[in-house]
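# Residue-level structural notes
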Amino acid sequence: MTNLILDERDQKFVLFEMLEVDNLCEKPRYEEFSTELFDMILAEAQKLAVNEVFPTLVDGDREGCRLEEGQVYVPKSFHRCYKLYCEGGWGAMTYPQDVGGQGLPYVMSVAAKDWFVHNFAFLAYPGLSEGAAHLIETYGTEEQKKRYFEKMVTGEWAGTMCLTEPNAGSDVGSLSTKAMRRPDGTYRLQGTKIFITAGDHDLTENIIHPVLARIEGDPPGTKGVSIFLVPKYLVNDDGSLGRKNDFEVAKIEEKMGIHGSSTCLLNFGDNGDCYAELLGEEQQGMKIMFQMMNEARIAVGIQGESSASLAYLHALQYAKERLQGSSITQFKDPQAPRVPIIQHPDVRRMLLWMKSNVESMRALLYYASLCVDREMSEEDEVQKEKWLGILEVLTPICKAYVSDIGFRVTETAIQVYGGYGYCSEYPVEQIMRDEKIASIYEGTSGIQALDLVGRKLPRKNGASFMALLGEIGKTVKKYKEVNNLADLAGHVQDAANTLGEMGLFFAQSAGEGNFLLPVCNAYPFLMMMGKVIAGWLLLWQAGVAKEKLDPLAGEKGVDQSDPAAWKQFISGSKDAAFYAGKMAGARYFIKNVLPEVEATAAAIKSKDMSVMEIAEESFAS
Ligand SMILES: Cc1cc2nc3c(=O)[nH]c(=O)nc-3n(C[C@H](O)[C@H](O)[C@H](O)COP(=O)(O)OP(=O)(O)OC[C@H]3O[C@@H](n4cnc5c(N)ncnc54)[C@H](O)[C@@H]3O)c2cc1C
């Protein structure tokens, strides 16, 4: 089957030529790995994704999930995928080997998952289980690890995350699910959770739900929230399954997309007997759940990037095959031959916009993931803190910028297809429907923007934000004297300076008591920051590509100033075409998209407060 999931050449370029992740193998933590092993893992992931996971994408959408007598059933084809996924150990890549994992660097696990995420309706099942298992690994007692963790790592049992309630969406601290203490140290839960992904299904015999609830008498707000493990079936001391716990799936949501993912409304404790065990300590629920939420935020970013990649590769293939109209150079000649639409300037514009966004988002996600490994493998505390800080600052960008731009890429793919793209006979409308949720769950884009401006920019008195700007500065310095790149490096530096000024402007505004200014402009700022980071990463890629392309051209004696010779060289060498494509994508983005940063900065600096000044009565008559 043809691979239209992601460009494996680009993936390897980002991992090995740009980020040089194989350097991690020199660290004691990862010394048993090698580039060959990494290559092998990616090849296996690609095989499983292309041959097994991708073909179930449409099934998941058409068949969806069904609820029958309290039990949820997933699309039939997901069962085989799930079995193969678990047998391959894909859900346990980063766990230590002594608990059945492979101990892989996080960035490599993200790259491997990048092959599966395009079918998010499927991946949600093992993905959430992995996150829930990780919570138990970090915060569970030895008994809980033995009882739940081991079976969750293998995929025998699944997991979820249960936060949302009808009146507690973004404002999780308003939750009203209650926990009642029992003399034996366990608890009983009562309440309703809505929108729970993988809340029930028939892929595993048991599901362990981490549930946020408030113990009776504990304070209101996030401070009073605790987290509990609530198994679908209670587990006996010998590991066998006991009675069904007292909670029910009241319904599965009818959604716009990801139909193969069961989004459940769960009623806990209607009969007063919903068994629950505390995870960690009382009133530490939000802190504990944040571990899972941070991992999930990166995972949702990968969903945005992966959907965009899938949509882009489909649109590209279509644009090369669909004949319509004649070449612009022959527009007066009705007899001129029909050409593939990729020859039309406006279609090329859309494709290049998609390409540069997809490739910069992939680089961003992998870079942020590499920060996790750097933080974990560094011994020096200052370095550790630096990488952790950059990761923290990048997390809302990975989540919100990538899910929003990812959505726009999927929408642009429909535009490339024209009317056919709007019809369900073609795949791109599903890709767009499936992707939309990424900017909503795990904290909406608006909430991510507040997190960026309110918590991440001021982190360590701005040191983490400055460390990121410092990394951008290093790339600019490297390429600012290089022929063909100096101009681009200058634009990236200007944009980064503007970003830094905006950070100071927000700090000053808040210092002067005008905190509403940064709050009102948090989302534009987040998107502006995403563009600066994308421009930086594309400049970096162009630099690496040029270092490879120049010697290739030199070997063939190609005169780079001769367009005909250059064209012939590019069409005759896959490598040359790839590297030239990287340079073209960077140039396009930095020249055509990055200037939007200055416009956003000017708008923010105008201190216009229309959004707060307009009366609610004036929004519509
Ligand atoms: C398909 C799907 C799967 C999901 N999976 C899960 C899951 O597995 N587990 C789980 O617990 N939840 C899950 N959710 C719930 C999801 O996380 C919430 O829908 C999301 O957090 C938003 O909450 P809400 O829908 O109540 O919207 P609201 O919180 O009501 O937000 C509505 C709008 O108001 C904005 N807003 C709200 N508060 C503020 C504020 N203080 N400042 C600025 N803007 C604000 C939001 O950005 C948004 O634009 C899922 C939802 C869906 C649709």
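Now for a look at the structure at hand. What you see is a predicted model, and the numbers here were worked out from it, not measured in a lab.

Calculation notes
Residues numbered from 1 in each chain as written. Predicted model: local features only at pLDDT ≥ 70, side-chain atom pairs only at ≥ 80, totals over all residues. Heavy atoms only, no water. Helix = DSSP H or I, 4+ residues; strand = E, 2+ residues; numbered from the N terminus. Buried < 20%, exposed > 50% of the residue type's maximum accessible area, 1.4 Å probe, protein only. Contact = heavy atoms within 4.5 Å. Disulfide = S-S within 2.5 Å. Core = buried A, V, L, I, M, F, W, Y, C linked by side-chain atoms within 4.5 Å. Patch = residues over 30% accessible without salt bridge, like charges linked within 9 Å, V, L, I, M, F, W, Y side chains within 5 Å. Areas by Shrake-Rupley, 256 points an atom, 1.4 Å probe, with all protein chains shown as cover. Salt bridge = Lys/Arg side-chain N within 4 Å of Asp/Glu carboxyl O. Axes fitted to C-alpha atoms, helices over the stretch in contact; angles between N-to-C directions. Parallel < 35°, antiparallel > 145°, perpendicular 65-115°, else oblique. Nonpolar A, V, L, I, M, F, W, Y, C, P; charged D, E, K, R; others polar. Near = heavy atom within 4 Å. Polar contact = N/O pair within 3.5 Å; in protein donor to acceptor, adjacent residues only side chain to side chain. Pairing = 2+ DSSP bridges. Phe/Tyr/Trp six-rings, centres within 6.5 Å; stacked < 30°, edge-to-face > 60°.

### Brief notes about the environment of Glu248
In this structure, Glu248 sits in strand β10 (residues 247-252). Accessibility expressed as a relative area gives 38% for Glu248, which makes it partly exposed. The contact partners of Glu248, leaving out residues within four places of it in the chain, are Leu265, Leu266 and Asn267.

### Here we look at the state of the cysteines
Applying the stated criterion across every chain yields a total of zero disulfides. For the unlinked cysteine Cys25, the closest cysteine sulfur is that of Cys371, found at 18 Å. By relative accessible area, which is 14% here, Cys25 ends up buried. For the unlinked cysteine Cys371, the closest cysteine sulfur is that of Cys398, found at 8.6 Å. When its relative accessible area of 0% is taken as the criterion, Cys371 is described as buried.

### Quick look at the nonpolar core
Counting 213 residues, the largest nonpolar core has Phe116, Leu189, Phe228, Leu351, Tyr401, Phe525 and Met529 as its most contacted members. A total of 19 residues in this core trace back to one element, the largest contributor, which is helix α16 (residues 522-556). In contact with Phe116, not counting residues within four places along its chain, are Ala45, Leu48, Ala49, Val53, Tyr85, Trp90 and Leu123.

### Details of a nonpolar patch on the surface
Nonpolar side chains collect at one region of the surface, where Ile447, Leu450, Phe515, Leu516, Val519, Val611 and Met612 lie side by side and expose about 600 Å² of accessible area between them. Elements supplying a minimum of two residues to the nonpolar patch: α12 (445-456), α15 (516-520) and α20 (610-613). Assignment of secondary structure puts Val611 in helix α20.

### Focus: the packing of helix α10 (residues 381-417) against α16
For the pair α10 and α16, interaxial distance at closest approach is 9 Å and the crossing angle is 90°. It follows from the interaxial angle that α10 and α16 lie roughly perpendicular. Residue-level inspection shows Val393, Leu394, Pro396, Ile397, Ala400, Tyr401, Asp404, Ile405 and Arg408 of α10 in contact with α16, the latter providing Tyr523, Leu526, Met527, Met529, Gly530, Lys531, Ile533 and Ala534. Of the residues that constitute the contact of α10 with α16, the class distribution is 13 nonpolar, one polar and three charged.

### Some words on the site of the ligand
For the ligand, the set of nearby residues contains 18 residues, the closest of which are Thr164, Ser170, Phe195, Thr197 and Thr444. Leu163 places a main-chain nitrogen or oxygen 2.8 Å from an oxygen atom of the ligand. In the environment of the ligand, a nitrogen atom lies 2.7 Å from a nitrogen or oxygen atom belonging to the side chain of Thr197. Isolated, the ligand exposes 970 Å² of accessible area, and the fraction of that covered by the protein chains is 62%. Secondary-structure elements contributing two or more residues to the shell around the ligand are β5 (187-197) and α12. For the shell around the ligand, the leading source of residues is β5, giving three residues. A breakdown of the residues in the shell around the ligand according to their chemical character gives ten nonpolar, six polar and two charged.

### Thoughts on the pairing of strand β6 (residues 206-215)
In terms of residue burial, β6 counts as a mostly covered element, since ten of its ten residues are buried. The side-chain alternation of β6 yields two buried faces, one formed by Asn206, Ile208, Pro210, Leu212 and Arg214 and the other by Ile207, His209, Val211, Ala213 and Ile215. Bridge analysis of strand β3 (residues 157-159) against β6 gives three bridges, and the strand direction is parallel. Across the sheet, the residue bridging to Trp157 is Asn206, located in β6. Pairing of strand β4 (residues 178-181) with β6 involves two bridges; the strand directions are parallel. Of the residues in β6, the one forming a bridge with Lys178 is Arg214. The pairing of β6 with strand β7 (residues 225-231) spans seven bridges and is classified as antiparallel. Bridging across to β7, Arg214 finds its partner in Val225.

### Points about the environment of Cys162
Topologically, Cys162 is positioned in the loop between β3 and β4. Through-space distance from the C-alpha of Cys162 to that of Thr197 is 8.5 Å; in sequence the pair is 35 residues apart.

### Things to note about the packing of aromatic side chains
As enumerated under the stated definition, the model contains 22 aromatic pairs in all. Ring centres of Tyr318 and Tyr417 lie 4.1 Å apart, and the angle between their planes is 15°; on these two criteria the pair is classed as stacked. Placement of Tyr318 in helix α8 (residues 285-321) and of Tyr417 in helix α10 is noted, with a sequence separation of 99 residues between them. Judged by centre distance (5.6 Å) and plane angle (65°), the rings of Tyr420 and Tyr426 are edge-to-face. A relative accessible area of 38% means that Tyr420 is categorised as partly exposed.

### Here's the deal with the pattern of salt bridges
Under the defined criterion, the tally for this structure stands at 40 salt bridges. One salt bridge connects Arg9 with Glu17, and the closest N-O pair in it is separated by 2.9 Å. Arg80 is paired through a salt bridge with Glu52; the nearest N and O atoms lie 2.8 Å apart. One end of the pair, Arg80, is in helix α4 (residues 77-87); the other, Glu52, is in helix α2 (residues 35-53), with 28 residues separating them in the sequence. Three or more residues are tied together by salt bridges with common partners; here these are Asp10, Asp114, Glu305, Lys355, Glu359, Arg362 and Lys582.

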